Each structure stands twice: as structure tokens, then as C-alpha cells.
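Single-letter residue listing:
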Protein chains: 2
Amino acid sequence: MNDPIDQIKKAISNYIDVDDLEWADYAQDFSLKSVKKKELILQQGRICNTVFFVRKGLLRVFFVDANGEEKTFHFSMENTFSADYESFLKKKPSNYSIQTLEDSELILMPFEMLHRGYEILKNGEKLGRLLAEEYFFLFSSKIHAIYTQSPMDRYNQLNKAYPNLLQRVPQHYIASFLNISPVHLSRLKNQSA
Amino acid sequence: MNDPIDQIKKAISNYIDVDDLEWADYAQDFSLKSVKKKELILQQGRICNTVFFVRKGLLRVFFVDANGEEKTFHFSMENTFSADYESFLKKKPSNYSIQTLEDSELILMPFEMLHRGYEILKNGEKLGRLLAEEYFFLFSSKIHAIYTQSPMDRYNQLNKAYPNLLQRVPQHYIASFLNISPVHLSRLKNQSA
């Protein structure tokens, strides 16, 4: 496997230009963590003090709704960031839990790195802008899906956004992500096959 | 009334420090528009090429859902910005319409000012970050409300976030914002009175 710090640098380079000198200074505060599958790495109601970068593995972001039902909100794949980013930015209790669905290798970015990033990295504010915009787009697409998309639309969009996810994730999580029953999900899979 | 360009500068100064020299350069591309009430200033499906700053008046952001029903998503009050910000950033068809609910004085910020802002204003990227974070928080609170709040919770939150709005807006828009029927809304008002 690549050097972990190179791997996250590569991911960040998709957003901004980073030069080696500022990176050497900035990157020293990352830490690594191996987590077995099915472990909770953020608990709803606690403050999210860390952004997780998924080096390897797969995370599930979920919450418990007003009826006590667990809803899957998002899957975080390799080479993406995961957090309750609002809780992280505002230091307020998180609305979401995050768990590993597979044995995972994570890079941890503690809260202190956020403001240090704005100061140290010459494009740090731009990085913050692009990450916030990405979260905004994600939440916007969720709302759009709730109000205007059929279960089949959502299923097709999931397949497009996350190829192979259906093979990696227990089907009841996929169903809860799509806001349908597992039986409804099997029907959609048969229809689209 | 204040000078319009001073008014928007004051609003922007809530996000970032702006010095007079860069402001003089930047501000020349704003334009002013008076719009009578009940006019459409953005139509769902069109690209949102302008951010509107509400100098005076009141805007309603809404969309038509999968059942052809109109849903009120947001109200934009004086001294706030309004747009389909995702459509604006991505230049893709908007998911929302915007209309004036009162005779309004608007300051228009065309798309070109976005990237010029990142370049000209020394804190331009920070402004972009904070605006994107604000949109992200707004959409996040919407999702949270959909899944976990009762109509009464949403009603109380609306009153808190927008004092006096109930007196300024036709009640069926308030009901559609809260995702309840007008009859349900009158009941809530009586209960909370």
C-alpha cells in the first residue's frame, strides 16, 4: 500500500495545489488508525472532533430518526473524507453515527488541523470552501431525492455513484439508505437486472 | 435608506474583513433592481446566474415536488442573500424558484463576481467558505427537521428563526414550509398561543 500521508495528499490535491514544504509542516498532525469492521467511530450526540479519511475499507453514516428507526444516510468509500462535518465545524453534538462496515485503515484529522490548515496552507481557505460546497451538494441532493425521486431513481443513482457497493454492503443498509423496505429493494434489483 | 453598496458591504463584513480599496474595485459590478411583489425572479429549471441580496422586502424560495405540489423551502429576509446556490456554483438547472412576497429592493451579484471575489478580495475564499458552510447548515437542518422534528418543533423553530414572519406571509406558504396543511397550522397556532 502507498505511504498513507502521500495517499491523503493525493486526495487533497484533487481540491487544491499543495507544495511539499507547507505539506511537510501540515501533515505531521495526522494520525493513523486501524479499525475492525462493525465498530462505532462516532456516536450520535457526541461532538465529532475528527475528520476521517478512508485509506482502505468502508464506513456507514447513519442516524436514529424520530420513530427510533435507524436510517443509513451515506457510505464513505476509499479515498474520501467522512465526518459529521457540521458537528466538527460547530463543535456541537452530532446528528449522525459512523461505523466501519469492513476492516478499515483510517487517517485522522483532529479539529486543530482545520484552523491550522487555513493558516499554513496557502490554499487552505479554498480547500475549506470546496469541502463545504461538497457537503452542501450532498445534502442538497438528499433533499432533492426525498421530494422528487422515485425509489427506482434513487436506486439507479446509488449504483451510478457507488459502483460495487451493492456487493459490499448488507442489503438492509442499502434499503434504509434508499428509504424503502428490503423486500422493495429486491423487487427493484430484479426489475433493473 | 442607506446607500445600497454600504448595506451589502456591512452584510459581507459579518463574514470577512473588507478594506475600502479592494471594495471600491469589487463593488462596481453590483446592480440594483426594484421588483414588485409576487414576481418570479428565478424559475425552477433555469440556471441561477445571480445571487440576490435582499435590501428591503421578502423572498420565497420554493419548488414543485414529484406530485406536482408546490413546497416552500425557505424565506429570504432583509440583509440576507438568496439564490439556488448549487445552480449558481455549478451552472446547472435550478431545483428552486424564487419569488418576491413584498415589493423588494434587491442587489444583484452576477456569476462573474464570484470568481472575481476569490481573486480580488484578500478574504474572498474565506467568504466563499463561510457562505457554503451556511448553505450546508441550512440544508442539514432541513434534513434533520424532516426526519426528527414534529410539526410543533418546526413551528417553534420557524418563529425563533424568523420573528414576525407569520404576520408578513400568507398562511398557506407557512403551512407548506412546515410540510403540514393550513388547518394543521391554525391548530398549532392556537396551541402555542
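Each value, and the rule that gives it
Residues numbered from 1 in each chain as written. Chains lettered and ligands numbered in written order. Predicted model: local features only at pLDDT ≥ 70, side-chain atom pairs only at ≥ 80, totals over all residues. Heavy atoms only, no water. Helix = DSSP H or I, 4+ residues; strand = E, 2+ residues; numbered from the N terminus. Rg over C-alpha atoms; globule rule 2.2 N^0.38 Å. Buried < 20%, exposed > 50% of the residue type's maximum accessible area, 1.4 Å probe, protein only. Salt bridge = Lys/Arg side-chain N within 4 Å of Asp/Glu carboxyl O. Axes fitted to C-alpha atoms, helices over the stretch in contact; angles between N-to-C directions. Parallel < 35°, antiparallel > 145°, perpendicular 65-115°, else oblique. Contact = heavy atoms within 4.5 Å. Nonpolar A, V, L, I, M, F, W, Y, C, P; charged D, E, K, R; others polar. Buried area = accessible area lost by both parts, 1.4 Å probe. Polar contact = N/O pair within 3.5 Å; in protein donor to acceptor, adjacent residues only side chain to side chain. Least-squares fit on C-alpha atoms with pLDDT ≥ 70 in both. Core = buried A, V, L, I, M, F, W, Y, C linked by side-chain atoms within 4.5 Å. Pairing = 2+ DSSP bridges.

Q: What is the right way to look at the overall build of chain A in this model?
A: Secondary structure summary: chain A contains 9 helices and 8 strands in total. On C-alpha atoms alone, chain A measures out to a radius of gyration of 18 Å, which is about the 16 Å that the 2.2 N^0.38 rule sets for 193 residues. Taking the principal axes of the C-alpha coordinates as reference, chain A spans close to 55 × 35 × 30 Å. Looking at chain A residue by residue over its 193 residues, the buried ones come to 52%.

Q: Would you explain the pattern of salt bridges in this entry?
A: All names here are of chain A. Inspection of the entire model under this criterion finds 22 salt bridges over all chains. A salt bridge links E22 to K122; the nearest nitrogen and oxygen atoms lie 3.5 Å apart. With a gap of 100 residues between them, E22 in helix α2 (residues 20–26) and K122 in the loop between α4 (112–120) and α5 (124–148) connect regions that are remote in the sequence. Judged by its relative accessible area of 10%, E22 falls in the buried class. Where salt bridges share partners, they join D19, E22 and K122 into one cluster.

Q: Looking at this structure, I do not really get the packing of helix α8 (residues 171–178) of chain B against helix α9 (residues 182–192) of chain B. What am I missing?
A: Each packed pair of helices is defined by two parameters, the angle between the axes and the distance between the axes. All names here are of chain B. As a packed pair, α8 and α9 sit with axes 9 Å apart at the nearest point and diverge in direction by 90°. Looking at the two axes, α8 sits roughly perpendicular to α9. Residues Q171, H172, I174, A175 and L178 of α8 form the contact with α9, whose own contacting residues are P182, L185 and K189. Per-class residue counts for the contact of α8 with α9 are 5 nonpolar, 2 polar and 1 charged.

Q: Just to check I follow, could you spell out the interface of chain B and chain A for this structure?
A: Size of an interface, as often reported, equals the accessible area lost when the parts are brought together. Facing the 31 residues of chain B at the interface are 31 residues of chain A. Both sides together, the interface formed by chain B and chain A hides about 2900 Å², and carbon and sulfur atoms give 70% of it. E125 of chain A serves as the salt-bridge partner of R129 of chain B, at 2.6 Å between the closest nitrogen and oxygen. Our enumeration of links across chain B and chain A arrives at 8 residue pairs in polar contact (both at pLDDT 80 or more). Counting residues per element, the ones that place at least two in the side of chain B that touches chain A are β4 (59–64), β5 (70–76), α3 (85–90) and α5 (124–148) of chain B. Broken down by element, the side of chain B that touches chain A gets its largest block of residues, 17 residues, from α5 of chain B. Partitioned by chemical class, the residues of the side of chain B that touches chain A number 16 nonpolar, 6 polar and 9 charged.

Q: Would you mind going over the relation of the copies chain B and chain A with me for this structure?
A: The operation linking the two copies of the chain is a rotation about an axis combined with a translation along the axis. After a rotation of 180° and a shift along the axis of 0.0 Å, chain B superposes on chain A with an RMSD of 0.0 Å. Such values leave the two copies arranged in the relation of a two-fold axis.

Q: Just to check I follow, could you spell out unusual backbone geometry for this structure?
A: A negative phi angle characterises most non-glycine residues, just as the trans form characterises most peptide bonds. Residue and element names in this part refer to chain A. The phi dihedral of N79 falls on the positive side, at around 65°, and the residue is not glycine. Mapped onto the secondary structure, N79 falls in the loop between β5 (70–76) and β6 (81–82). Given the relative accessible area of 41%, N79 is considered partly exposed. A positive phi angle is found at K91, which is not glycine, with a value near 55°. Among the structural elements, K91 can be located in the loop between α3 (85–90) and β7 (97–100).

Q: So what exactly am I meant to see when it comes to the nonpolar core here?
A: Proteins that are soluble and globular tend to have nonpolar side chains buried together. Grouped together as the largest cluster of nonpolar side chains are 92 residues, with contacts concentrated most on F30 and Y85 of chain A together with F30 and Y85 of chain B. Here this core takes 9 residues from α5 of chain B, the largest share from any one element. The contact partners of Y85 of chain B, leaving out residues within four places of it in the chain, are F136 of chain A together with V51, L114, G128, L131, A132 and Y135 of chain B.

Q: Got a minute to help me understand helix α8 (residues 171–178) of chain A in this structure?
A: Because the α-helix completes a turn every 3.6 residues, residues three or four places apart line up on one side. Residues and elements named next belong to chain A. Among the 8 residues of α8, 6 are classified as buried, and the element is accordingly described as predominantly covered. Taken together, the buried positions of α8 are Y173, I174, A175, S176, F177 and L178. Positive phi shows up at N179, right after α8, with a value of about 65°.

Q: How do you make sense of the pairing of strand β3 (residues 50–56) of chain A when you look at a structure like this?
A: Residues in a regular strand point their side chains to alternate faces of the sheet. Residues and elements named next belong to chain A. Burial runs high along β3: 6 of the 7 residues are buried. The pairing of β3 with β6 spans 2 bridges and is antiparallel. Across the sheet, residue F53 finds its bridge partner in β6, namely F81.

Purely spatial values, then, with no claim about function.
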